[in-house]
Amino acid sequence: MKKLGFGLMRLPLIDEKSKEVNIEKFKELVDYYMSKGYNYFDTAHTYLNGNSEKSIKEVLVSRYPRDSFYLASKLPIFNLEKEEDMEKIFNEQLDRCGVKYFDYYMLHNLSTKHYQKCINFNAFNFIEKMKNEGKIKHIGISCHDSPDFLDEILEQHPEIEFVQLQINYLDWNDKIIQSKGIYEVSCKYNKPIIIMEGLKGGALANLPEKAKNIIQEYDRDNSIVSWSFRYNLSLNNILVILSGMNKMEDLIENINIFESFSPLNKNDYSMLNKVSKSITDDIEIKCTGCEYCINHCSQLIDIPKFFNLYNSQKLLDQSHSIGMYYRNYITINKIKASDCIKCGKCIDYCPQKINIPKELEKVVKVFE
């Protein structure tokens, strides 16, 4: 397979609140992507309130031969209440997607918090059983945890064939994400890697001016986005790199980058290190917009939205106010950052290990 994977968490939508997918726009994207020889699609049970899996049936599965594409999905360990839920959800996923098997299937967001649930419910045995029955071709895990945790999992479960990890140049040496460490553990066990968050939720496509200037002064010929993908493409042991593409111009740009790829050299890496330092010096709340926290917020606060607004306000010249966007949002949705009751449930589900209630206090201070 070619290495640009189509991530289905950020699709073109008709309605942001219900997460209803714009099927016609999605078809255009899929048709162009497939016409260029790319064919890896990544979804999950929880993406877009289930609409991601449902839409792939209509847009891809019903319109292309099954052997012309690879389809990946995930079992939401964090939503399981009893062992029987695994088979129920898995069968629902097959039905939603309209397939008899998944090419790649993962335990979703396996972490220290949810590992005991995997053991109690025999989750590893379940996905291996589904593989033996021909309903899964390759079994793996997606993981937002430490190198030590990943090392423990891969040592105890040699049946795992691949891993899906958050890797990008900004998180490579980050003390929380530790992209370098989890990459090295995966290579130690010779597990192919699927990269997620290569653009860090879009943050690396919309750099602060200071960081953008560093890149443009170094090289004006290549786009800002290209450096993120070239960084990941220059790594070894990479199976596919996911990108959430909901606009045709982004899809076309990404394909052009992958088709014209050239590995980074020593000077390129040095430049990107300067960019990383510039960004990390400025960004306060390191949220990627995965939205796992929202699903477990009793107040239904759009936490990533508020963090994105806060970071934008902090990164912009103070003469440009983001406050009006915040006020517009809370006027329409009737939910403010100050509605947080500080129960702390969201923290357990945050892959970035953010103290969300504490960071929301900053949002309140700036915008309310």
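None of these values were measured; they are calculated from a predicted model.

Rules of the game
Residues numbered from 1 in each chain as written. Predicted model: local features only at pLDDT ≥ 70, side-chain atom pairs only at ≥ 80, totals over all residues. Heavy atoms only, no water. Helix = DSSP H or I, 4+ residues; strand = E, 2+ residues; numbered from the N terminus. Buried < 20%, exposed > 50% of the residue type's maximum accessible area, 1.4 Å probe, protein only. Contact = heavy atoms within 4.5 Å. Areas by Shrake-Rupley, 256 points an atom, 1.4 Å probe, with all protein chains shown as cover. Lys, Arg positive; Asp, Glu negative; His and termini not counted. Charge placed at Lys NZ, Arg CZ, Asp CG, Glu CD. Core = buried A, V, L, I, M, F, W, Y, C linked by side-chain atoms within 4.5 Å. Expected span 1.5 Å × (residues − 1). Arc of directions from axis to C-beta. Phe/Tyr/Trp six-rings, centres within 6.5 Å; stacked < 30°, edge-to-face > 60°. Pairing = 2+ DSSP bridges. Polar contact = N/O pair within 3.5 Å; in protein donor to acceptor, adjacent residues only side chain to side chain. Disulfide = S-S within 2.5 Å. Salt bridge = Lys/Arg side-chain N within 4 Å of Asp/Glu carboxyl O. Axes fitted to C-alpha atoms, helices over the stretch in contact; angles between N-to-C directions. Parallel < 35°, antiparallel > 145°, perpendicular 65-115°, else oblique. Left-handed = near helix turned anticlockwise from the far one by under 90°. Nonpolar A, V, L, I, M, F, W, Y, C, P; charged D, E, K, R; others polar.

**Student:** Which parts of the structure should I look at to understand the overall build of the chain?
**Tutor:** On a plain count of helices and strands, the chain comes out with 15 helices and 10 strands. Each principal axis of the C-alpha atoms in the chain carries an extent, and together these give about 60 × 50 × 45 Å. The buried share of the chain, reckoned over its 368 residues, is 54%. In the chain, the proportion of contacts linking residues at least 24 apart, taken out of those at least 6 apart, comes to 75%. A total accessible area of about 16,900 Å² is found for the chain, and carbon and sulfur atoms account for 47% of it. The averaged location of the 51 negative side-chain charges in the chain is 2 Å from the averaged location of its 48 positive side-chain charges.

**Student:** What is the right way to look at the nonpolar core in this model?
**Tutor:** In a soluble, globular protein the nonpolar side chains are often hidden away together inside. Of all hydrophobic cores here, the largest spans 95 residues; its most connected members are Phe-6, Tyr-33, Phe-41 and Ile-141. The residues touching Tyr-33, leaving out its near neighbours within four places in the chain, are Leu-4, Gly-5, Phe-6, Tyr-38, Asn-39, Tyr-40, Phe-41, Met-245, Leu-251 and Ile-255.

**Student:** Is there a simple way to think about helix α15 (residues 356–367) in this case?
**Tutor:** Helical periodicity: at 3.6 residues per turn, an α-helix aligns residues three or four positions apart in one direction. With 12 residues, α15 should cover 16 Å at 1.5 Å per step; its first-to-last C-alpha distance of 16 Å lies within 8% of that length. Within α15 the residues assigned to the buried category are Ile-356, Pro-357, Glu-359, Leu-360, Val-363 and Phe-367. Down the axis, α15 shows its buried residues gathered within 155 degrees of arc, on one side only. Residues of α15 that are exposed and angled more than 90 degrees away from the buried face: Lys-358 and Lys-365.

**Student:** I tried to follow the packing of aromatic side chains on my own but got confused; where do I start?
**Tutor:** Aromatic ring pairs are described here by two measures, namely the spacing of the ring centres and the angle between the planes. The full count for this structure, using the stated rule, is 24 aromatic pairs. A ring pair is formed by Phe-90 and Phe-126, whose centres lie 5.9 Å apart and whose planes are at 85 degrees; its orientation type is edge-to-face. Here Phe-90 is found in helix α3 (residues 84–97), whereas its partner Phe-126 is found in helix α5 (residues 123–132), with 36 residues between them in sequence. Taking relative accessible area as the criterion, Phe-126 reaches 9% and is therefore assigned buried. Judged by centre distance (6.3 Å) and plane angle (75 degrees), the rings of Tyr-115 and Phe-124 are edge-to-face.

**Student:** What exactly am I supposed to notice about the pairing of strand β10 (residues 238–244) here?
**Tutor:** Each regular strand carries side chains that alternate between the two faces of the sheet. Of all seven residues making up β10, five are buried, and the element is well covered by its neighbours. Direction of pairing for strand β1 (residues 4–7) relative to β10: parallel, over a ladder of four bridges. Across the sheet, residue Gly-5 finds its bridge partner in β10, namely Leu-242. Pairing of strand β9 (residues 193–196) with β10 involves three bridges; the strand directions are parallel. Directly across from Ile-195, in β10, lies its bridge partner Ile-241.

**Student:** I tried to follow the side chain of Asn-168 on my own but got confused; where do I start?
**Tutor:** You can see Asn-168 is positioned in the loop between β8 (162–166) and α7 (179–188). Residue classification places Asn-168 among the buried residues on the basis of a relative accessible area of 0%. Among the polar contacts listed, one links the side chain of Asn-168 to the backbone nitrogen of Asp-171, at a separation of 2.8 Å. The contacts of Asn-168, once residues within four sequence positions are left out, are Ser-179, Glu-197, Gly-198, Lys-200, Leu-204, Tyr-231 and Asn-232.

**Student:** For this particular structure, what's the right way to read the state of the cysteines?
**Tutor:** Linking two cysteines covalently via their sulfur atoms produces the bond known as a disulfide. Summed over all chains, the structure comprises zero disulfides. Not part of a disulfide, Cys-118 finds its nearest cysteine sulfur in Cys-143, a span of 11 Å. Cys-187 forms no disulfide, and the closest cysteine sulfur to it belongs to Cys-143, at a distance of 15 Å. A relative accessible area of 31% means that Cys-187 is categorised as partly exposed.

**Student:** Could you clarify how one ought to interpret the pattern of salt bridges in this entry?
**Tutor:** Pairing between side chains of opposite charge can happen when their charged atoms approach one another. In the structure shown here, the tally under the stated rule is 23 salt bridges. Lys-19 is paired through a salt bridge with Glu-291; the nearest N and O atoms lie 3.9 Å apart. A residue pair is termed long-range when its members are at least 10 positions apart, and Lys-19 in the loop between β2 (13–15) and β3 (20–21) and Glu-291 in the loop between α11 (266–282) and α12 (303–315) qualify at 272 residues. A residue is classified by how much of its surface remains accessible, and Lys-19, at 12% relative accessible area, is buried. A salt bridge links Glu-359 to Lys-362; its shortest N-O distance comes to 3.2 Å. Within this pair, Glu-359 and its partner Lys-362 are both found in helix α15, separated by three residues, close to a single helical turn. When its relative accessible area of 29% is taken as the criterion, Lys-362 is described as partly exposed. Several salt bridges share partner residues, and in doing so they unite Glu-16, Lys-19 and Glu-291 into one network.

**Student:** Looking at this structure, how should I read the packing of α3 against α5?
**Tutor:** For any two helices packed against each other, one specifies the inter-axial angle together with the distance between the axes. With their axes 10 Å apart at the nearest point, α3 and α5 run at an angle of 40 degrees to one another. Classed by the angle they form, the pair α3 and α5 counts as oblique. Relative to α5, the crossing made by α3 is right-handed. Together, Met-86, Glu-87 and Phe-90 of α3 and Ala-123, Phe-126 and Met-130 of α5 make up the contact between the two elements. For the contact of α3 with α5, the residue count by class is five nonpolar, no polar and one charged.

**Student:** Please clarify how the sheet that holds strand β4 (residues 40–42) should be interpreted in this entry.
**Tutor:** Sheets are built from strands paired through backbone hydrogen bonds, the pairs being either parallel or antiparallel. A barrel is described by the order of its strands in space; here eight strands give the closed sequence β1-β4-β5-β6-β7-β8-β9-β10, paired in parallel fashion. Strand-to-strand twist in this sheet, taken as the mean axis angle between neighbours without regard to direction, amounts to 30 degrees. Pairing geometry for β8 and β9, over four bridges, is parallel. Bridged to Leu-165 within β9 is Ile-195. Most of the contacts of α5 go to strand β7 (residues 136–143), to which it runs at about 155 degrees, and overall it touches β5 (70–75), β6 (102–110) and β7.

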